[in-house]
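Chain and residue survey
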2 protein chains.
Amino acid sequence: MMTLGDAPVRVALLGCGVVGSQVARILLAQADDLRARVGRPLELAGIGVRREVERPGIDASLFTQDLAALVERDDVDLVIELIGGISPARELVLAAIGAGKSVVSANKALLAQHGAEIFEAAAAADVDVYYEAAVAGAIPIIRPLRESLVGDEVTAVKGIVNGTTNYILDQMHTQGVTFADALADAQRLGYAEADPTADVEGHDAAAKAAILASLAFHTRVTLSDVACEGISSVTAEDVQAAESMRCVIKLLAQCSVSPDGTVAVGVHPTMVPVEHPLAGIRGAYNAVFIESVNAGRLMFMGPGAGGSPTASAVLGDVVTAARNRVRGVPGHGESAYSRPGITDPATVVSAYYLALTVRDEPGVLSRVADAMARRGVSIAAVRQEQTTGEDASARLGITTHRAPDGSVRAVVDELREGGDVLGDVRVLRVEGA
Amino acid sequence: MMTLGDAPVRVALLGCGVVGSQVARILLAQADDLRARVGRPLELAGIGVRREVERPGIDASLFTQDLAALVERDDVDLVIELIGGISPARELVLAAIGAGKSVVSANKALLAQHGAEIFEAAAAADVDVYYEAAVAGAIPIIRPLRESLVGDEVTAVKGIVNGTTNYILDQMHTQGVTFADALADAQRLGYAEADPTADVEGHDAAAKAAILASLAFHTRVTLSDVACEGISSVTAEDVQAAESMRCVIKLLAQCSVSPDGTVAVGVHPTMVPVEHPLAGIRGAYNAVFIESVNAGRLMFMGPGAGGSPTASAVLGDVVTAARNRVRGVPGHGESAYSRPGITDPATVVSAYYLALTVRDEPGVLSRVADAMARRGVSIAAVRQEQTTGEDASARLGITTHRAPDGSVRAVVDELREGGDVLGDVRVLRVEGA
């Protein structure tokens, strides 16, 4: 990394949407404070956008549509990547690194899929890549995992890392609305996109889970390693069942170390006991819960999205990268030193809740219980309700003790194929208190 | 800072009590993991103790009672200071810095009183001084404030940073016991010292408040700047009054920026609404709540004390300082660049709760209300209860709107001096929801 002499640190911004325009405004409006913290002025050298835009308060001459030229400009020291997606973000970030610029990115998809390539390029070029804003918005979680807990052994990370789905599930619990109505409400309020797939199917949370697991366990987990289940199939009945069990349903990113040393990473709608700190995270807030051998149980909470909170995280990284640039020495790189492999998802252990409607006939419960016993899935509690319609059926809610996912899936497949079960079998994980 | 070549990073430990012996054990037991994270072995070079000790699993030859010689030994790169108190900790830390060693300390009193001297010495000697363990035990809070939020403008920090007092207050609320009984219970469980003064009178929390305010506001706040009130005068009646207002009493370290740009720092028993995230922090847990312009509201929670959690924070700093040492470049120093001064405590604004017993005569409430109105203290709510004894008296609970501390104190002084009030006037702050 080159030192700067007495020159200002010059910043190129890629993307000027909700977060980008807020970053640009803060760089301009808080210039004096930022200069005091960096020890040098932070100058906005240019803003790369894909289409012509106007932003009140931002000089029009800063904008350019030639992003490739901007990231390689000789007078740029640091590139902030806020365009999202894989291409051209990946090419631009790699070009910036190759040209000796440090990079600050909020792009969880890029880091979850191409993190190894990017961090290796950064190490070779002796520059920083920081990405606090990629996970849980304004909540400082990357730096605590990377540095504060680096002398400890993290055993599990559990996070509510997608505000859209947390808002929807919260509305289903507190307002008694269906998934579809809660989603429409979230879209109306701007919490959900017109195409909500990435949020509601858990893909966004899965990318963040990959990043968290990589840092927590000093390994490299990519998006394709993450078992991913969304919330679009969560029903009002699931919500009621959770409440009767004194739980709330949360979409949890779950990362843990398995007994064989491999790493299990998944995103699943999960029943969380109301006493658990994660149960109290409401609306569009995010939270990350960490268990480690020495520190014990820690939790970090805050706004998970939005222009200003995300800009706060971006600027924290920008100041740190700029301070490194002023000294001519990058920060510590990633500590991915072990590759213990990914746990076979079928062997990941959890407690489960199964909901099924069965023919109301003698012997049915015994056959269901037998199917579970044969697979080694032990029953913790059964709740049975007669249905009130004309058909003779009963609704069963079964909570299991901790069992491997594969065994529970096999039980569910057997029940679906047998003649006792009417309709589908619902399966949800249950978090310990 | 000198580079090390291929040599291991050698660590001297000062103090081998609950935290120190845990740090020593982790350095020995987790040597392989720590080496992988540092990139070099971390070797325990010696342990300075004031009296001869034996610790199972720790080689007796490591112990020395000559701490001054240990911190200056040529083969020591890094000194961990866990002896606490001001002297000889201050002299040993300054000697270590002067000899070119980096320092990791958990000593809040030392940093709150002599931080400026120590950080200046460290900057001059080009070494690191890290102290994550000095505030809120295992909770990563120093590094997030110092780095993650450095591009934002923190406006307030509110923390439950003393587990002993939180445990006592929690017991008073949940078990209905008196302060004295809760303290005795805490002492029996090892949560409180035989001499509990530093905890229950708020001095420990005040030192942490000074450290948090210095970091959050990029200034230098010392212990003597902190307005400090403990919990030994909190009564069962205060607890009942809080509950009737749907609040819990917490000892809060409160740091904020006043309208004139000065910094207000205090420790006060405070009524916190049950909906506030800090209200749910139970037992000996700690939590720090941060408000900033861009990030919004963040909260960090976790175990606030104990050997293993504190050791986790110490080792996170040790690994980071060791990685810096391997590269030969210290981390970024403190960013104390402004000295806006300390807010006159009389002008610090808060809502208050006043509890007083008055003669049950016509005109008394009017005179109380008049005393408040003349000082500009506006009443939000009044609760009046007849006392059941023989004397004609009434118990008043008055909640005020936000008013300067000095005005409220003047009201209280006037009420105490007048003839209407029987016994003392209780004053507690009330936190906003």
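So, here's what we can say about the structure.

Cut-offs applied
Residues numbered from 1 in each chain as written. Chains lettered and ligands numbered in written order. Predicted model: local features only at pLDDT ≥ 70, side-chain atom pairs only at ≥ 80, totals over all residues. Heavy atoms only, no water. Pairing = 2+ DSSP bridges. Helix = DSSP H or I, 4+ residues; strand = E, 2+ residues; numbered from the N terminus. Contact = heavy atoms within 4.5 Å. Axes fitted to C-alpha atoms, helices over the stretch in contact; angles between N-to-C directions. Salt bridge = Lys/Arg side-chain N within 4 Å of Asp/Glu carboxyl O. Buried < 20%, exposed > 50% of the residue type's maximum accessible area, 1.4 Å probe, protein only. Core = buried A, V, L, I, M, F, W, Y, C linked by side-chain atoms within 4.5 Å. Least-squares fit on C-alpha atoms with pLDDT ≥ 70 in both. Patch = residues over 30% accessible without salt bridge, like charges linked within 9 Å, V, L, I, M, F, W, Y side chains within 5 Å. Areas by Shrake-Rupley, 256 points an atom, 1.4 Å probe, with all protein chains shown as cover. 1 Å grid on protein atoms, 1.4 Å probe; cavity = no way out; pocket = protein on both sides within 12 Å on 5 of 7 lines; lining within 4 Å. Points joined across faces, edges and corners; volume = space filled by probe spheres on them. Nonpolar A, V, L, I, M, F, W, Y, C, P; charged D, E, K, R; others polar. Buried area = accessible area lost by both parts, 1.4 Å probe. Polar contact = N/O pair within 3.5 Å; in protein donor to acceptor, adjacent residues only side chain to side chain.

What follows deals with the sheet that holds strand E5 (residues 102-105) of chain B. Residues and elements named next belong to chain B. Taken together, the six strands give an open sheet; going across it, the order is E3-E2-E1-E4-E5-E6, and neighbouring strands pair in parallel fashion. Both edges of this open sheet fall to strand E3 (63-64) and strand E6 (129-130), since each of them pairs with a single strand only. Strand direction decides the pairing type here: E5 and E6, joined by two bridges, are parallel. The residue bridging Val104 from the neighbouring strand is Tyr130, located in E6. The strands touched by helix H12 (residues 307-327) within the sheet are strand E1 (9-14), strand E2 (42-48), strand E4 (78-81), E5 and E6, with E5 carrying the most contacts at an inclination of about 170°.

Another aspect to go through is the pattern of salt bridges. All names here are of chain A. The tally for this structure, following the rule as stated, stands at 52 salt bridges over all chains. With a closest N to O distance of 2.9 Å, Arg90 and Glu117 form a salt bridge. Within this pair, whereas Arg90 is found in helix H4 (residues 89-98), its partner Glu117 is found in helix H5 (residues 108-125), the two being separated by 27 residues in sequence. For Glu117, a relative accessible area of 30% puts it in the partly exposed group.

We now examine the pairing of strand E7 (residues 154-160) of chain B. On any regular strand, side chains alternate: one points to one face of the sheet, the next to the other face. Residues and elements named next belong to chain B. Among the seven residues in E7, six count as buried, and that is most of the element. Of the strand pairs in this sheet, E7 and strand E11 (residues 285-292) are connected by six bridges, and their pairing is antiparallel. Opposite Val157, over in E11, you have Ile290 as the bridge partner.

Let us now look at the nonpolar core. Judged by nonpolar contacts, the single largest core of 166 residues is most densely connected at A:Ile141, A:Ile290, B:Ile141 and B:Ile290. Aside from chain neighbours lying at most four places away, what touches A:Ile290 is A:Ile141, A:Leu145, A:Leu149, A:Val154, A:Ala156, A:Val157, A:Gly296, A:Arg297, A:Leu298 and A:Phe300.

Between the two copies of the chain lies a relationship made up of a rotation around an axis and a movement along it. Laying chain B over chain A is done by rotating through 180° and shifting 0.0 Å along the axis; what remains is an RMSD of 0.0 Å. Here the symmetry operator amounts to a two-fold rotation axis. Identified as the residue of chain B closest to the rotation axis by C-alpha distance is B:Phe300, at 2.3 Å. Comparing interface residues between copies, 100% of those in chain B also lie at the interface in chain A; the contact surface is shared.

Together, A:Leu365, A:Ile379 and A:Val382 make up a nonpolar patch on the protein surface, roughly 210 Å² of accessible area in all. Relative to the assigned elements, A:Val382 resides in strand E14 (residues 379-386).

On to empty space enclosed by the protein. Taken as a whole, this structure holds nine cavities of 30 Å³ or more when the rule is applied. As for the largest cavity, its lining consists of 18 residues, and the residues nearest its centre are A:Glu147, A:Gly331, A:His332, B:Glu147 and B:His332. At the level of elements, helix H6 (142-148) and helix H12 (307-327) of chain A together with helix H6 (142-148) and H12 of chain B are the ones that each hand at least two residues to the lining of the largest cavity. Of the residues contributing to the lining of the largest cavity, the split by class is three nonpolar, eight polar and seven charged.

Residues and elements named next belong to chain A. Read across the sheet, six strands follow the order E3-E2-E1-E4-E5-E6 without closing on themselves; strand pairing throughout is parallel. Lying at the two open borders of the sheet, with one neighbouring strand each, are strand E3 (63-64) and strand E6 (129-130). For strand E1 (residues 9-14) and strand E2 (residues 42-48), the ladder comprises six bridges, and the chain directions are parallel. Residue Ala12 lies in a different strand from E2, and its bridge partner there is Gly46.

All right, on to the interface of chain B and chain A then. Across the boundary between the two partners, chain B contributes 47 residues, which contact 47 residues of chain A. For the pair chain B and chain A, the summed buried area comes to about 4200 Å², and 54% of that belongs to carbon and sulfur atoms. When residues of chain B are sorted by the area they lose upon contact with chain A, B:Arg37, B:Asn294 and B:His332 head the list and together hold 17% of the total. Along the contact surface separating chain B from chain A lie two salt bridges. Taken together, the connections running from chain B to chain A amount to 20 residue pairs in polar contact (both at pLDDT 80 or more). Taken together, the elements giving at least two residues each to the side of chain B that touches chain A come down to helix H1 (18-29), helix H2 (31-38), H6, strand E12 (296-303) and H12 of chain B. It is H12(B) that contributes the most residues to the side of chain B that touches chain A, 10 residues altogether. Residue composition of the side of chain B that touches chain A, grouped by class: 22 nonpolar, 15 polar and 10 charged.

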